[in-house]
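Coordinates in review
Next come the chains, spelled out residue by residue.
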Amino acid sequence: ALPVLEASLALNQRYGRQNIIRSKCNLAACIYDLGRFDEALVLERDIYAQTTTMFGPSSQNALGTGLNLSISLTNLDFYDEAITLVRDQLLPVAQKSLGLDHSITLKLYQTLVDIHRNNPEATRDDLGLNQPSVRRRNFLIPTQATTCSKPR
C-alpha cells in the first residue's frame, strides 16, 4: 500500500494543495501502521502546518489535524509537547470558533485527559481544571436503558 500512496502523492502534487494534504494524511497513516512512528510524526507536523496555513487555525480541518498530531505525540510519549499543543493552542481556538459542544472540542478535552492519564509524571493540577475559563459540564445520563426489538 505504501508505494501506491507515494505514487498518489506524486500525482496529486499536480492538482492542488488540498489533494496533497489528503494524500499526505493517508501516507502518514500507512507509515504509522508500518511502525515507522518517527517518519509519520514528521509528516503529521507538516500536515498540521500546511492545513493551518491553508485554512486558518480555527478551521475544522486545522483543528482535526492538530488533534491527530496530539494523539501521535501522546502515543510516542511526547507528553509535554502534546499538552502544550492541546491545552494552549487547540482547545482555546476550538472553544471560541466551534463552541464547547462541538465534537472536535469534546475530543480535544478527551485527548487532554488521555495525555494526563498516560503521562507517568502528570499531577491532578496539570489538567488546569481550576482555571476560570473552564466550566464544569453536566451531562444527563439515562436512568433506564431502552431496547429496540425487531418486529416478528
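Scroll up for the structure.
These numbers were taken from a predicted model, which means no experiment stands behind them. (Residues numbered from 1 in each chain as written. Predicted model: local features only at pLDDT ≥ 70, side-chain atom pairs only at ≥ 80, totals over all residues. Heavy atoms only, no water.)

A word on the packing of helix α5 (residues 79-97) against helix α6 (residues 103-118)
- At a closest axis distance of 10 Å, the pairing of α5 and α6 adopts a crossing angle of 160°. When the axis of α5 is compared with that of α6, the two are roughly antiparallel. Remark: the crossing between α5 and α6 carries left-handed chirality. In this structure, α5 uses Y79, A82, I83, V86, R87, L90, L91, A94 and Q95 to contact α6, whose residues at the interface are T105, L108, Y109, T111, L112, I115, H116 and N118. (Axes fitted to C-alpha atoms, helices over the stretch in contact; angles between N-to-C directions. Helix = DSSP H or I, 4+ residues; strand = E, 2+ residues; numbered from the N terminus. Parallel < 35°, antiparallel > 145°, perpendicular 65-115°, else oblique. Left-handed = near helix turned anticlockwise from the far one by under 90°. Contact = heavy atoms within 4.5 Å.)

Things to note about the nonpolar core
- Formed by 19 residues in total, the largest nonpolar core has its most connected members in L69, L73, L85, V86, L90, L108 and I115.
- Only α3 (37-55), α4 (60-75), α5 and α6 provide two or more residues apiece to this core.
- Sorting elements by how many residues they give to this core places α5 first, with eight residues.
- With near-sequence residues (within four places) excluded, L108 lies in contact with L67, V86, L90, L91 and A94. (Core = buried A, V, L, I, M, F, W, Y, C linked by side-chain atoms within 4.5 Å. Buried < 20%, exposed > 50% of the residue type's maximum accessible area, 1.4 Å probe, protein only.)

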